[in-house]
Amino acid sequence: KGVSEKILWRRSLQMRDQQQAWQESPEGKRMVQFRSTLPAYKEKEAILSLISSNQVVIISGQTGCGKTTQIPQFILESETESVRGAACNIICTQPRRISAMSVSERVAFERGEKLGESVGYKVRLEGTKGRDTHLLFCTTGILLRRLLDDRNLKGVTHVIVDEIHERGMNEDFLLIVLKDLLPYRPELKLILMSATLDAEFFSSYFNGAPILNVPGFTYPVKTHFLEDILEMTGYRLTPYNQIDDYGQERMWKMNKQAPRKRKSQIASTVEDAIRAADFKDYSQPTRESLSCWNPDCIGFSLIEYLLCNICKSERPGAILVFMTGWDDISSLKEKLLTHPVLGDPNQVLLLTCHGSMASSEQRLIFEEAKDGVRKIVLATNIAETSITINDVVFVVDCGKAKETSYDALNNTPCLLPTWISKVSAQQRRGRAGRVQPGECYHLYPRCVYDAFAEYQLPEILRTPLQSLCLQIKSLRLGSISEFLSRALQSPEILAVQNAIEYLKTIGALDENENLTILGRYLIKLPMEPKLGKMLILGAIFNCLDPILTVAAGLSVRDPFLTPLDKKDLADAAKSQFSGAYSDHLALIKAYEGWKYAEIDQGGYEYCWKNFLSAQSMKAIDALRREFLCLLKDIGLVDSNAASCNTWCHDVNLIRAIICYGLYPGICSVVHNEKSFSLKTMEDGQVLLYSNSMNARETTIPYPWLVFNEKIKVNSVFLRDSTAVSDSVVLLFGGSLSKGDADGHLKMLGGYLEFFMEPAVADMYQSIRRELDDFIQS
Ligand code: ADP
Ligand code: MG
């Protein structure tokens, strides 16, 4: 031990010398000079001394003041300079992959090193970490997984939890675990960093931990709201456009109290156009108004107009456009690419930035544009606080973000574009003033901004808790509800009960809330349990290839496009994939066709002809690979296999596996004279989204549909469904064994009792039991 300590010690001295040499070099000097201009630098001593005298410290400071890049470095530097050098081991968590990667790269660069020397990163399936790495940036999920094997975080000296103001579910969860750990690891330091000033709240959670605020500096940002933009650009809205696009209806939902008043306020402040719009249609969101959220919205032309205006007549500087989600980004991009100015690569460098992008693609956004070329980045709210795109001078903010919400009463999750909070809007604005005075264009009237909520609701209060509950179980943290009652803000009891119930139904927990073998595998797959279940069964039944496509397809934007002006053509193209009464099987067909075409000639023509999104296809392709890696990682697929050449075409088996994954997402098909209707136990009558393959059928020759998702708008709509037979539901739906049998039978409407001979029912039960045992083993 003495020898290895000596080696470590010597290496740490070497690293210190190396670092000093770098700082003396011309480039190093310039970097030191740059770093010393950051607001965090001025607080360096105060921060370090606060950390040394407290176990928990909270640091807040405006985005860009140097929290993420500087504070971990301060700790690293001060530790390397002290005797403890070799022993320090700092982990800094980031809510997203892209920030973990870009930040570690930046910090290594600031230190004149390559990644994997003193600074490393680790995200799911990727990472660089060397034996000298003392500062590791990772996603929060990675740290949570580490806690699985190493509950006390042995050897870790500092944990820095970044971006706590976002109140992500993982971060909230991690804080409970760390809070419990602190008494057992008195020498472990916990540093929480937030970009907003709500630090008091965290401080009281950690028994009055001290707060240090880094005073920020940004250049002034000129703010324009919609009314100003219209006046400035002379762009004229026609009555419906802006309202369709940015879905005012959500707004009314948010401010249930006084929609009438709001309407009149808007009418008096914004142009005639808005006043003329018929708001009564929007006070109640309908299927139609919701589906207005897509490609050909006229609202995109306002953005286009504005961007073009900036390109032509404003000073140089990149433009950052905050869009709602990936679908909007890709549709807008497609539109802009056809524009004479914005689509011309000699004039504009058009980039996109969102969480699910491949890492090589993500790096592009940090590149600087050539002289005379304007950089435009279309981003989701990921660019709001976690990543810094340096040369931004103009920000365009659509005012929305996709937010998951969850209605515990109906046990129905929703993922909908929602208005952002005031804090988010300020953050977005702040992105413009980093390098010089900037301008921010909010694409909504000021009165709408005034009605925004102050903060966004924390994720733990608005999303289903299934994955979280599994994690709690896997970390052996005791009773789920007791554990969650110690959160910063505890979720509703009903939401917790629903999640536990769900996990029991799908066979991940037994009736005593203990993990089953299946549950143990699900934990190792960082994705929704239903996708994990499908993949596991796909691997077991040697039917992985199509199932990889289904699972990947459920995680990306619907690849079937329906441009409003070419609806008939798109429908016709789509019909060639139908016929199996299944959106999932249609997707498999489309993907296999694309894959075939892609190997040959890139696949674009195929997509074009068949109204498929090439981007979604590529995303599916990438996700399939990722899922396969994960399955290899946990030993369910032979790790030497280059790919999974199990092009299984047994449609019934595929249906069964889909059912195994999606159950209890199931509804019964009730036929009447001319068509059919659908019913679930909890909701009664439900409807299909119009773009579902099954929505074009007049009959469905199966008694059940399993579905991926139901979303409540004013009726309950089902997305992506597959028709399945009785036998499949009986054998693959939920778990028939033990405690769940009751619920399952009820679900089937007493099917066994009423329609089946007792002997046949018994036979099913016994096959079912065998099958369950087989899968669990
Ligand atoms: P915070 O975490 O407080 O929001 P950061 O530590 O991320 O701030 O960034 C501090 C400063 O470092 C930024 O204002 C920017 O000037 C610079 N910076 C950060 N990341 C990069 C990068 N990838 N490329 C160039 N400069 C960067
Ligand atoms: Mg930061």
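See the structure shown above.
The text that follows walks through the structure, step by step, so that each part is easy to find. Just so it is clear, the structure is predicted and the values come from calculations on it, not from any experiment. (Residues numbered from 1 in each chain as written. Chains lettered and ligands numbered in written order. Predicted model: local features only at pLDDT ≥ 70, side-chain atom pairs only at ≥ 80, totals over all residues. Heavy atoms only, no water.)

**Focus on the overall build of the chain**
Consideration 1: The number of helices and strands found in the chain is 36 helices and 21 strands.
Consideration 2: The 777 residues of the chain split such that 56% are buried.
Consideration 3: When contacts within the chain are restricted to residue pairs at least 6 apart in sequence, those whose partners lie at least 24 apart make up 74%. (Helix = DSSP H or I, 4+ residues; strand = E, 2+ residues; numbered from the N terminus. Buried < 20%, exposed > 50% of the residue type's maximum accessible area, 1.4 Å probe, protein only. Contact = heavy atoms within 4.5 Å.)

**Quick notes on the pattern of salt bridges**
Consideration 1: Summed over the entire model, instances satisfying the criterion amount to 28 salt bridges.
Consideration 2: Between Glu110 and Arg106 there is a salt bridge, with the nearest N and O atoms lying 2.9 Å from each other. In this pair, Glu110 and Arg106 are both assigned in helix α6 (residues 97–110), four residues apart and thus about one turn of the helix distant.
Consideration 3: Looking at Glu110, the relative accessible area reads 2%, which means it is buried.
Consideration 4: A residue is classified by how much of its surface remains accessible, and Arg106, at 28% relative accessible area, is partly exposed.
Consideration 5: For Glu187, the salt bridge is made with Arg185, and the minimal N-O distance between the two is 3.2 Å.
Consideration 6: Its relative accessible area of 48% is what places Glu187 among the partly exposed residues. (Salt bridge = Lys/Arg side-chain N within 4 Å of Asp/Glu carboxyl O.)

**Some remarks on the sheet that holds strand β20 (residues 704–712)**
Consideration 1: Taken in spatial order, the five strands of this closed barrel run β17-β18-β19-β21-β20, and their pairing is mixed. Ignoring strand direction, the axes of neighbouring strands in this sheet form an average angle of 50°.
Consideration 2: Sheet topology places strand β17 (residues 666–671) next to strand β18 (residues 676–680); four bridges connect them, and they run antiparallel. Across the sheet, residue His671 finds its bridge partner in β18, namely Phe676. (Pairing = 2+ DSSP bridges. Axes fitted to C-alpha atoms, helices over the stretch in contact; angles between N-to-C directions.)

**Looking at the site of ligand 1**
Consideration 1: Not every one of the 14 residues close to ligand 1 is listed here, only the nearest: Gly64, Thr68, Thr69, Asn390 and Arg434.
Consideration 2: In this structure, an oxygen atom belonging to ligand 1 sits 2.8 Å away from a main-chain N or O atom of Lys67.
Consideration 3: Side-chain polar atom of Arg106 to a nitrogen atom of ligand 1: 3.2 Å apart, as the coordinates give it.
Consideration 4: Considering ligand 1 on its own, with 560 Å² of exposed area, one finds that the protein chains cover 86% of that surface. (Near = heavy atom within 4 Å. Polar contact = N/O pair within 3.5 Å; in protein donor to acceptor, adjacent residues only side chain to side chain. Areas by Shrake-Rupley, 256 points an atom, 1.4 Å probe, with all protein chains shown as cover.)

**Regarding the environment of Ala597**
Consideration 1: Relative to the helices and strands, Ala597 resides in helix α29 (residues 583–601).
Consideration 2: For Ala597 and Tyr660, which are 63 residues apart along the polypeptide, the C-alpha to C-alpha distance reads 31 Å.
Consideration 3: Among residues more than four places away in sequence, those in contact with Ala597 are Gly602, Gly603 and Tyr606.

**Some points on a nonpolar patch on the surface**
Consideration 1: Judged by side-chain polarity, Val760, Met763 and Ile767 come together as a nonpolar surface patch covering roughly 220 Å² of accessible area.
Consideration 2: Tracing the backbone through its elements, the reader meets Met763 in helix α36 (residues 758–776).
Consideration 3: What makes Met763 partly exposed here is its relative accessible area of 42%. (Patch = residues over 30% accessible without salt bridge, like charges linked within 9 Å, V, L, I, M, F, W, Y side chains within 5 Å.)

**Looking at the environment of Ile775**
Consideration 1: Along the chain, Ile775 turns up in helix α36.
Consideration 2: The exposure class assigned to Ile775 is buried, which follows from its relative accessible area of 11%.
Consideration 3: For the pair Ile775 and Leu115, spaced 660 residues apart in the sequence, the C-alpha separation amounts to 42 Å.
Consideration 4: Sequence-distant contacts of Ile775, that is, excluding residues within four places in its chain, are made with Leu537, Ile540 and Tyr660.

**Regarding the packing of α29 against helix α32 (residues 651–662)**
Consideration 1: The contact between α29 and α32 brings their axes to 10 Å, and the two run at 120°. The angle between α29 and α32 falls in the class oblique. Along this stretch, α29 crosses α32, giving a crossing that reads as right-handed. Along its contact with α29, which presents His584, Leu585 and Ile588, the element α32 presents Val651, Ile654, Arg655, Ile658 and Leu662. (Parallel < 35°, antiparallel > 145°, perpendicular 65-115°, else oblique. Left-handed = near helix turned anticlockwise from the far one by under 90°.)

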